[in-house]
Structure formats: C-alpha cells, structure tokens
Amino acid sequence: MSVPTIRGVIRRNLLIVFLIALFAGGGGFYLLLEHAAMDNAGQQAELMLQSAMAVRGYTTKHILPNFQKLNDAVFHEETVPAFAAQTVFRTVSSGDAAYTYREAGLNPTAPSDRAGPFEVDLIRQFRSDSNLTEMRGVIDSGRQRLFYLARPMRLKDERCLICHDTPARAPKAMLAKYGPNNGFGWHMGDIIAVQLLTVPVTQQFRSTLELVSILIGGLALIFAIAYFALTAAMEATVAGPLDKLAHAAEQASRSTSKTPELPASGAREIRTLAEAIQRLRISLAKALAQLGTKP
Ligand code: HEC
C-alpha cells in the first residue's frame with residue numbers, strides 16, 4: 001500500500017465529513033417535515049371526526065325523538081345519524097374530493113356504505129384487537145396520497161336498535177325504502193362499522209420534498225465553497241511549502257555545494273523548519289571544511 005499524501009488525507013476526510021453531514025442533514029430534515037405534515041393532517045382529521053360525531057349526536061338526541069312523534073308513514077332519512085353525518089361531510093368535501101368521510105360496514109343498511117377491501121381489512125383488525133381504538137396512516141390512491149384516520153363504530157346506544165335490530169322492529173317506512181335484508185341483526189357492543197376520514201397530503205408531501213432539495217442544494221453549495229477554500233489554503237500554507245522543503249532537505253543531504261531552494265512562504269512552523277534546515281546545512285558545510293574534506 002502506498003503511503004498517502006497530506007493532500008489526499010485532508011481531501012478524503014473533508015469529503016467524508018461533508019457527505020455524512022449532507023445525508024444526515026437532508027434525511028433528518030425530511031423526517032422532521034414529514035412528521036410535522038402527518039401531525040397536521042392528523043389534527044385536521046381529528047377535528048373533522050369530532051364534527052361528524054357531533055352531527056351524529058345531535059341527530060340522535062334532537063332530531064330522532066321529535067320525528068318519531070310525527071308517526072307518519074314516510075321514512076325520513078334526516079333522522080338517521082349516519083345519513084346526517086355523511087351528508088354534511090359530502091358538502092364539506094365537495095370542494096376537494098380527497099377530504100372524505102365514510103361510515104362503512106360489513107352488513108350496511110345502505111348499499112353505498114358497504115365496506116371496500118381496505119375498510120374490510122380495518123374492521124377485521126378492530127374486531128380482532130379490542131384495545132385498538134384508532135388507526136392512522138397514509139394510503140396511495142393512485143392519483144393522490146391520502147392521510148387516513150379510522151375508528152371503530154361500536155353499538156353502544158339502545159336507540160340504535162330501533163332500526164338495526166330486526167326487520168320486525170324497524171319502522172315500516174324504512175323497510176319499504178331499504179328492504180329487510182341489510183343492516184339488521186346488530187348487537188350491543190358489536191363493532192358494526194368503521195369511521196374513515198381522509199385528508200389529502202399530496203401537496204404537503206411535494207412541499208416537503210421541495211424544501212429538502214433546497215436544503216440539500218444549499219448545503220452542497222456551502223460545502224463546495226468550504227472544500228475549495230480549505231484545500232486552497234492547505235495547499236498554499238502547508239502542502240506546497242512542505243513539498244519544497246522535502247525537496248530541499250533531500251538535496252542538502254546529498255551535497256552541500258548547491259544552495260537548495262527553501263520555501264519562502266507557508267505556515268510559521270514550516271518557515272521555522274526551513275530556517276533550521278538552512279542552519280543545519282551551514283554548520284555541516286563548516287564542519288566538513290574544518291575536517292579538510294572538500295565538500
Ligand atoms: C331511524 C332509524 C335508525 C336509527 C335510530 C339509527 N339508524 Fe343507523 N342507519 C339507518 C339507515 C336508514 C341507514 C342508511 C342511511 C343512508 O342511506 O345512508 C343507517 C346507516 C347506519 C350506518 C352506516 C352503515 C350502514 O348501515 O349503511 C351506521 C354505522 C349506523 N347506521 C349506525 C347507527 C348507530 C350507531 C345508531 C345509534 C346511534 C343508529 N345507526 C341509529 C337507520 C337508523
């Protein structure tokens with residue numbers, strides 16, 4: 001293995017340090033921004049889910065009892081908590097289709113609420129682990145990246161059974177509209193559906209990538225300037241003069257007749273060394289002259 005030069009060692013170490021700083025800085029910044037974007041999407045989704053719960057609660061508590069008093073033969077969907085919440089949120093998300101709210105079940109009353117493969121999977125997971133109260137993450141919908149927040153819907157209120165117990169117990173008008181086959185046979189405590197909220201995060205993801213590339217570009221520029229400044233300074237003060245010094249010392253060790261060219265510039269340590277070599281050479285010449293040996 002050849003002995004490395006001082007130039008090689010310094011250049012290599014500078015490059016290694018810079019590359020590590022670039023990757024650690026870029027990667028760390030990316031993770032930080034990604035985390036902040038997820039946090040932000042999570043907060044939005046939580047707020048929307050709370051509003052959906054509020055609409056459901058309002059419907060169950062204030063709308064349903066009053067409509068029941070009417071006792072007419074028409075079924076009013078307005079009295080259905082799921083209908084109220086999903087209808088309100090369809091209006092909220094009409095501007096941006098990526099904001100969605102769904103209450104999807106395996107045995108739903110309305111066919112449009114039948115769970116898709118992803119929702120079925122969520123319901124299964126909630127059913128198999130009763131400690132699981134929430135799931136969140138990011139899904140790729142082909143065109144977009146969506147943040148989702150999912151919570152299990154457990155049947156906790158006896159009032160729900162008016163319409164979801166047996167077809168015999170359900171309002172006749174509801175049966176006429178939805179049929180006797182779907183959305184019945186639910187039991188108290190069952191997880192009957194999943195509440196799924198999505199928030200678009202494609203834009204946040206793009207901005208994160210943009211910011212990270214700006215940071216990496218900036219760091220790379222600073223590093224390039226630092227690299228050239230440091231290597232140039234090292235060349236002028238250490239490596240260049242040291243080369244000359246090594247050459248001069250080698251010449252002086254071979255013959256005393258020629259005056260070797262010693263470096264006039266360089267760091268203070270190098271100049272001291274050059275002067276010492278000069279003195280050493282003169283003393284050597286004197287000593288040789290005293291001995292009568294022709295140099
Ligand atoms: C007045 C009858 C009625 C009551 C009371 C009622 N529901 Fe429903 N529920 C329905 C109907 C009808 C639908 C279908 C609504 C639609 O067209 O979107 C539905 C839909 C749902 C859905 C969406 C999935 C599906 O089956 O389509 C869930 C979840 C749900 N109900 C849960 C509940 C819970 C929990 C309660 C008690 C807080 C409750 N329901 C009370 C009639 C009722």
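A.B. asks: Kindly report on the site of the ligand, identifying the contributing residues and their values.
C.D. replies: Around the ligand sit 22 residues in total, of which Thr109, Asp113, Cys160, Cys163 and His164 are the nearest. Contact distances for the ligand include 2.6 Å between an oxygen atom and a backbone N or O atom of threonine 109. In the environment of the ligand, an oxygen atom lies 2.5 Å from a nitrogen or oxygen atom belonging to the side chain of aspartate 113. Class assignment for the residues of the shell around the ligand results in 15 nonpolar, three polar and four charged.

A.B. asks: Kindly report on the nonpolar core, identifying the contributing residues and their values.
C.D. replies: Counting 15 residues, the largest nonpolar core has Tyr101, Phe147, Leu149 and Leu197 as the members making the most contacts within it. Elements with a minimum of two residues in this core: helix H1 (6-70), helix H2 (81-92), strand E3 (145-154) and strand E4 (191-200). If near-sequence neighbours (up to four positions away) are discounted, phenylalanine 147 is found in contact with Met38, Ala41, Gly42, Ala45, Arg136, Gly137, Val138, Leu197, Thr198, Val199 and Val201. If you look at the next biggest cluster of nonpolar residues, it comprises twelve residues, including Leu122, Tyr148, Ala150 and Leu196.

A.B. asks: Help me get a handle on the coordination of the iron atom of the ligand, residues and values and all.
C.D. replies: What the protein offers the iron atom of the ligand as a donor is a single atom, His164 (NE2), at 2.1 Å. With respect to the secondary-structure elements, histidine 164 resides in helix H4 (residues 161-164).

A.B. asks: Mind laying out the domain arrangement of the protein, listing which residues take part and the relevant values?
C.D. replies: Accessible area lost on assembly of the parts is the figure often given for the size of an interface. Structurally, the protein comprises domain 1 (12-200) and domain 2 (210-290). Once you take the C-alpha centre of each, domain 1 and domain 2 turn out to be 72 Å apart. On the domain 2 side, the residues contacting the ten residues of domain 1 number eleven residues. Both sides together, the interface formed by domain 1 and domain 2 hides about 920 Å², and carbon and sulfur atoms give 94% of it. Between domain 1 and domain 2 we count zero salt bridges in total. If you look at where domain 1 meets domain 2, you find zero residue pairs in polar contact (both at pLDDT 80 or more). When its residues are assigned to classes, the side of domain 1 that touches domain 2 shows eight nonpolar, two polar and no charged.

A.B. asks: Describe the packing of H1 against H2, naming the residues involved and giving the relevant values.
C.D. replies: The contact between H1 and H2 brings their axes to 8 Å, and the two run at 140°. Considered as vectors, H1 and H2 are oriented oblique to each other. Where H1 crosses over H2, the handedness of that crossing is right-handed. Note on element contacts: H2 touches H1 through Pro81, Ala82, Ala84, Ala85, Val88 and Phe89, opposite Met48, Ser51, Ala52, Val55, Arg56, Thr59 and Thr60. Of the residues assigned to the contact of H1 with H2, the class counts are nine nonpolar, three polar and one charged.

A.B. asks: Please give an account of empty space enclosed by the protein that cites residues and values.
C.D. replies: Here the structure, examined in full by the defined rule, presents one cavity of 30 Å³ or more. The computed volume of the largest cavity comes to approximately 40 Å³. As for the largest cavity, its lining consists of Glu34, Ala37, Met38, Arg145, Val201, Gln204, Phe205 and Thr208. Counting residues per element, the ones that place at least two in the lining of the largest cavity are H1 and helix H6 (202-254). Residue classes in the lining of the largest cavity are distributed as four nonpolar, two polar and two charged.

A.B. asks: Any chance you could break down the sheet that holds strand E1 (residues 100-105) for me, citing the residues and the numbers?
C.D. replies: Pairing is antiparallel in the open sheet, where four strands are placed in the order E1-E4-E3-E2. Whereas interior strands pair on both sides, the edge strands pair on one side only; in this sheet they are E1 and strand E2 (135-140). Taking each pair of neighbouring strands and ignoring which way they run, the sheet shows an average axis angle of 25°. Strand direction decides the pairing type here: E1 and E4, joined by six bridges, are antiparallel. Bridged to glycine 105 within E4 is alanine 193. On top of the sheet, H1 reaches E1, E2, E3 and E4; it is set at about 40° to E3, its chief contact.

A.B. asks: How would you sum up the pairing of E3? Please name residues and give values.
C.D. replies: With six bridges joining them, E2 and E3 adopt antiparallel strand pairing. The residue bridging methionine 135 from the neighbouring strand is alanine 150, located in E3. Taking the residues that link successive antiparallel strands as the turn, the E2-E3 hairpin has four residues, and the phi of glycine 142 there is positive, at about 90°. Summarising the sheet, E3 and E4 pair through nine bridges and their orientation is antiparallel. Bridge pairing links tyrosine 148 to threonine 198 in E4.

Cut-offs applied
- Position labels on residues start from 1 in each chain and follow its written sequence.
- Local features in this predicted model are restricted to residues of pLDDT 70 or higher, and side-chain atom pairs are both shown and tallied only at a pLDDT of 80 or more, whereas totals for entire chains, interfaces and linings draw on every residue.
- Remark: hydrogens and water are excluded; side-chain values derive from all non-hydrogen atoms of the structure.
- Near residues are defined by distance, with any heavy atom within 4 Å of the molecule or strand qualifying the residue.
- For this analysis, a polar contact is any N or O atom pair within 3.5 Å, provided that within protein one partner can donate a hydrogen and the other can accept it, and provided that sequence-adjacent residues contribute only side-chain to side-chain pairs.
- When residues are sorted by character, Ala, Val, Leu, Ile, Met, Phe, Trp, Tyr, Cys and Pro go into the nonpolar class, Asp, Glu, Lys and Arg into the charged class, and all the rest, Gly among them, into the polar class.
- Side-chain atoms within 4.5 Å are what join buried Ala, Val, Leu, Ile, Met, Phe, Trp, Tyr and Cys residues into a set we call a nonpolar core.
- Each residue is placed in one exposure class: buried if its accessible area under a 1.4 Å probe, protein chains only, is under 20% of its type's maximum, exposed if it is over 50%, and partly exposed if it falls in between.
- Secondary structure is summarised from DSSP: a helix means a run of H or I of at least four residues, a strand means a run of E of at least two, and numbering begins at the N terminus for each.
- Residue contacts follow a heavy-atom distance rule, with two residues in contact if any of their heavy atoms lie within 4.5 Å.
- A donor here means an N, O or S atom no more than 2.8 Å from the metal, or no more than 3.2 Å when the metal is Na, K or Ca. Since water is not included, a site may seem to lack partners.
- Source of the domain bounds: an automatic or database domain assignment.
- Summed over both partners, the accessible area (1.4 Å probe) lost when two parts come together is defined as the buried area.
- Put simply, a salt bridge is a Lys or Arg side-chain nitrogen that is within 4 Å of an Asp or Glu carboxyl oxygen.
- Only the stretch in contact is used when fitting a helix axis, every axis being a line fitted to C-alpha atoms; angles between N-to-C directions are given from 0 to 180 degrees.
- Each angle gets one of four labels, with under 35 degrees taken as roughly parallel, over 145 as roughly antiparallel, 65 to 115 as roughly perpendicular, and the rest as oblique.
- Crossing handedness is defined as follows: a turn of the near helix away from the far one that is anticlockwise and smaller than a right angle gives a left-handed crossing, while the clockwise case is right-handed.
- Cavities and pockets are defined on a 1 Å grid built over the protein atoms alone: a cavity is a set of grid points where a 1.4 Å probe fits but cannot escape, while a pocket is an open set with protein on both sides within 12 Å along at least five of seven lines, and lining residues are those with an atom within 4 Å of any such point.
- Grid points are joined across faces, edges and corners, and a volume is the space filled by probe spheres set on the points.
- Following DSSP output, two strands are said to pair if at least two bridges run between them.

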